[in-house]
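Single-letter residue listing:
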Amino acid sequence: WPLWEFALKVELTAFRKKHVHSAQCTLSQMREDGIHQSPVPSHIIFEFKFEEGKNTKPKARWVLAGTPKNMKALEHYFQCFAPAADSDSTRLLQALAVGRDLIRAKADVETAFLNSLVPKRERVPVMMPVGMEEYEESGKRLGFVLLLRGQYGSPSAAYLWYMTLREFTMRMFNQGGWQCKNMKQEPCMFRITDPKGTRLWVLWHVDDGDIVSECAAMTAYVLKMYNEEFGITVSDPSFMLGLRRDVTTEKNEDGKLVRYNTLTQTAYVEGVHDKWETMCEARGKPIPSKIPTYPMHVKKKYSVVGTESVPKPTAAETKATLEMFQTGLGEVNWASRHAKWECTFSTSVNGRLMSTAGEDALESLTQEIQYMNATKDRGIRYRSDGHDQLTAKYDAAFDPDEKDGKSMGGFLVKLFGGLISWSAKKERNVAVSSTHSEYQTQTAVTKCVIHLRQLLFEMGLEEHCKFSTVVEGDNQQAVTLGIDPKVTDGNKFYLLDLHFCKDMQEEGHVQYRW
């Protein structure tokens, strides 16, 4: 209990310091003051903060029970959308950090949501948690406060915080010869330039700032400004949101010193494997001792409607396995989206069985988890001597799912030797040939490349897009179709938006190669 008591004191101190609530009063007093919204319940949540599989400190959060039942749009709040940082942007910064020898930093805003003022029309009555109510000397129970600032649990809290953070950043760093620009391709990223032309880029993951800059002194100044306004904790940039990012200097194949930045999720993958191993043993079906070569069975076909090699499970089998399968799939999906990119295809295929599960599905997911654990120290690696221009590769199958006839396609985009973006998923339309399938994926990778090129231009780093981005595929007909104005019986039915590829090739943004 002493740890939780300490955590609660820290949280309540922050609420008092930021004046998040009014003084306690009765609901009838609020009604007299013109506050007519229905009161919102609140409660305290206790949890441990984990980093690399280890709990680092206890945390207490005073949250609103902001469910649709308790907080309604146009009564309790009006706007709630807040942009979220794209993980591609995170990786782009890490590639640039090692490729351009930039300074890295990390900032964590303390009690971020509490820094934003709530608009007058959204100042709603809040019910105090049980045991925290105050009483008048007469014994009359109070128990209600007016919400004055953003509070966790409110649907509008993230929006209000983003607008507060953006307003401060744009105001603070657009004066005295400084310049600041908010990226349109990545609304959570800001480019800050000092009077000397030195640049810094910060990407905000809600309250976690991921920073790379060209000068340590400039980094220190920017962090100081954020600290004075919001209160921040500066910590090790080698760890961010479950991702290990180790910068090292080693000799390359030619004996020259090269800087590397390696992104891994070792501790997370270990935790997933250990949890899955325990669950399998509890079912009386322990994980096989043999380590798989691939993250999925290469000869079996999976579909929610069942296939010859993997029949659809019975209703009883689905009921017995569904919860375990969905839990495990969610955990491997997190890893495949951030560091274990080679498991993206297997995660996508396993995802087809999300609603049916079954013993075959558990076996397939077990193989993927085993593979991840066996390769847990392997992730994404950027190197300072890597290619400083964006490059891309793509491929597609003509092997339709029996459910809907759609095939799988995938691509990857690289910079400084490491992956920035990747994908493996079903194509949008049913393909009638291998060329049709490849052309759909060629369009998908082109869209990703254009986004990253535009982001680099916005960041002022157009030198990494000096030339047309080379996009390589292994289907000669699809590559040719992206270049030449060729219309045949085999492609004249392609939807017009697929020919986006032709426009981007003609305008010089991409260059398709076979």
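What counts, and where the lines are drawn
- Residues numbered from 1 in each chain as written.
- Predicted model: local features only at pLDDT ≥ 70, side-chain atom pairs only at ≥ 80, totals over all residues.
- Heavy atoms only, no water.
- Helix = DSSP H or I, 4+ residues; strand = E, 2+ residues; numbered from the N terminus.
- Buried < 20%, exposed > 50% of the residue type's maximum accessible area, 1.4 Å probe, protein only.
- Contact = heavy atoms within 4.5 Å.
- Areas by Shrake-Rupley, 256 points an atom, 1.4 Å probe, with all protein chains shown as cover.
- Lys, Arg positive; Asp, Glu negative; His and termini not counted.
- Charge placed at Lys NZ, Arg CZ, Asp CG, Glu CD.
- Axes fitted to C-alpha atoms, helices over the stretch in contact; angles between N-to-C directions.
- Parallel < 35°, antiparallel > 145°, perpendicular 65-115°, else oblique.
- Left-handed = near helix turned anticlockwise from the far one by under 90°.
- Nonpolar A, V, L, I, M, F, W, Y, C, P; charged D, E, K, R; others polar.
- Pairing = 2+ DSSP bridges.
- Polar contact = N/O pair within 3.5 Å; in protein donor to acceptor, adjacent residues only side chain to side chain.
- Salt bridge = Lys/Arg side-chain N within 4 Å of Asp/Glu carboxyl O.
- Expected span 1.5 Å × (residues − 1).

Asker: A description of the overall build of the protein should follow, citing residues and the corresponding values.
Answerer: Within the protein, the regular secondary structure consists of 12 helices and 19 strands. Across its three principal directions, the C-alpha atoms of the protein cover 85 × 70 × 50 Å. Within the protein, the fraction of its 514 residues that count as buried is 51%. Restricting to contacts in the protein with at least 6 residues of sequence separation, those with at least 24 account for 71%. Here the protein has roughly 24,800 Å² of accessible surface; of this, 54% comes from carbon and sulfur atoms. Within the protein, one finds 65 positive and 66 negative side-chain charges whose respective centroids are separated by 2 Å.

Asker: Hey, could you go over the packing of helix α10 (residues 434-458) against helix α11 (residues 476-483) for me, with residue numbers and the actual values?
Answerer: Packing of α10 against α11 brings their axes to within 8 Å, and their N-to-C directions diverge by 55°. As judged from the angle between their axes, α10 and α11 are oblique. Considering the relative orientation of α10 and α11, their crossing is right-handed. Of α11, the residues touching α10 (which contributes Thr435, Glu438, Tyr439 and Gln442) are Gln477, Ala478, Val479, Leu481 and Gly482. Class assignment of the residues belonging to the contact of α10 with α11 gives a composition of four nonpolar, four polar and one charged.

Asker: I'd like a rundown of the environment of glutamine 179, residues and numbers included.
Answerer: Examined against the element boundaries, glutamine 179 turns out to sit in strand β6 (residues 179-182). A C-alpha to C-alpha distance of 7.9 Å links glutamine 179 and proline 195, two positions 16 residues apart in sequence. In contact with glutamine 179, not counting residues within four places along its chain, are Phe173, Asn174, Arg191, Ile192 and Thr193.

Asker: Please give an account of the sheet that holds strand β13 (residues 257-264) that cites residues and values.
Answerer: Overall, antiparallel pairing links the four strands, which are arranged β11-β12-β13-β14 in an open sheet. Each edge of the open sheet is held by one strand with a lone partner, namely β11 (239-240) and β14 (380-383). Of the strand pairs in this sheet, strand β12 (residues 243-251) and β13 are connected by eight bridges, and their pairing is antiparallel. Note on β13: the bridge partner recorded for threonine 249 is arginine 259.

Asker: Residue-level account of the environment of valine 258, with values.
Answerer: Tracing the sequence through the fold places valine 258 in strand β13. Among the residues examined, valine 258 registers a relative accessible area of 2% and is labelled buried. Distance from valine 258 to arginine 383, taken between C-alpha atoms, is 6.7 Å for residues 125 residues apart in sequence. When residues no more than four places from it in sequence are discounted, the contact partners of valine 258 are Thr248, Thr249, Glu250, Asn252, Arg383, Ser384 and Asp385.

Asker: Describe the environment of tyrosine 152, naming the residues involved and giving the relevant values.
Answerer: Within the secondary structure layout, tyrosine 152 lies in the loop between β5 (144-146) and α4 (157-172). A residue is classified by how much of its surface remains accessible, and tyrosine 152, at 13% relative accessible area, is buried. In this structure the C-alpha to C-alpha distance between tyrosine 152 and leucine 27, which are 125 residues apart in sequence, comes to 22 Å. Aside from chain neighbours lying at most four places away, what touches tyrosine 152 is Glu11, Arg61, Trp62, Val63, Leu64, Thr111, Ala112, Phe113 and Leu114. A polar side-chain atom of tyrosine 152 sits 3.4 Å from the main-chain amide nitrogen of alanine 112.

Asker: Can you explain the side chain of serine 116? Please cite residues and give values.
Answerer: Following the sequence through the fold, serine 116 ends up in the loop between β3 (103-109) and β4 (125-127). According to the relative accessible area criterion, serine 116 is buried, its value standing at 0%. Side-chain polar atoms of serine 116 contact the backbone oxygen of phenylalanine 113, separated by 2.9 Å. In contact with serine 116, not counting residues within four places along its chain, are Leu148, Arg149, Gly150, Leu160, Trp161 and Thr164.

Asker: Pulling in residues and values, what's your account of the pattern of salt bridges?
Answerer: Taken as a whole, this structure holds 26 salt bridges when the rule is applied. With a closest N to O distance of 2.6 Å, arginine 91 and aspartate 88 form a salt bridge. Remark: aspartate 88 and arginine 91 occur in helix α3 (residues 87-99); sequence separation between them is three residues, near one turn of the helix. Of the residues examined, arginine 91 reaches a relative accessible area of 3% and is grouped as buried. For aspartate 88, a relative accessible area of 11% gives the class buried. In this structure, the salt-bridge partner of glutamate 463 is arginine 100, at a minimum N-O distance of 2.8 Å. Here arginine 100 lies in the loop between α3 and β3 and glutamate 463 lies in the loop between α10 and β18 (469-472), a separation of 363 residues in the sequence. Counted as one network, the salt bridges with shared partners bring together Arg352, Asp401, Asp404 and Lys426.

Asker: Requested: an account of unusual backbone geometry, with residues and values cited.
Answerer: For threonine 111, which is not glycine, the phi dihedral falls at a positive 45°. On the secondary structure map, threonine 111 appears in the loop between β3 and β4. At phenylalanine 416, a residue that is not glycine, the phi angle is positive and equals roughly 50°. Residue phenylalanine 416 is classed as buried on the basis of its relative accessible area, which comes to 3%.

Asker: Give me the lowdown on α4, citing residues and values where you can.
Answerer: For α4, with 16 residues, the first-to-last C-alpha span of 22 Å sits near the 22 Å given by 1.5 Å per residue. Within α4, burial applies to Ala157, Tyr159, Leu160, Trp161, Tyr162, Leu165, Phe168, Thr169 and Met172. At its buried positions, α4 is contacted by β3, β6, β7 (189-193), β8 (199-205) and α5 (216-230).

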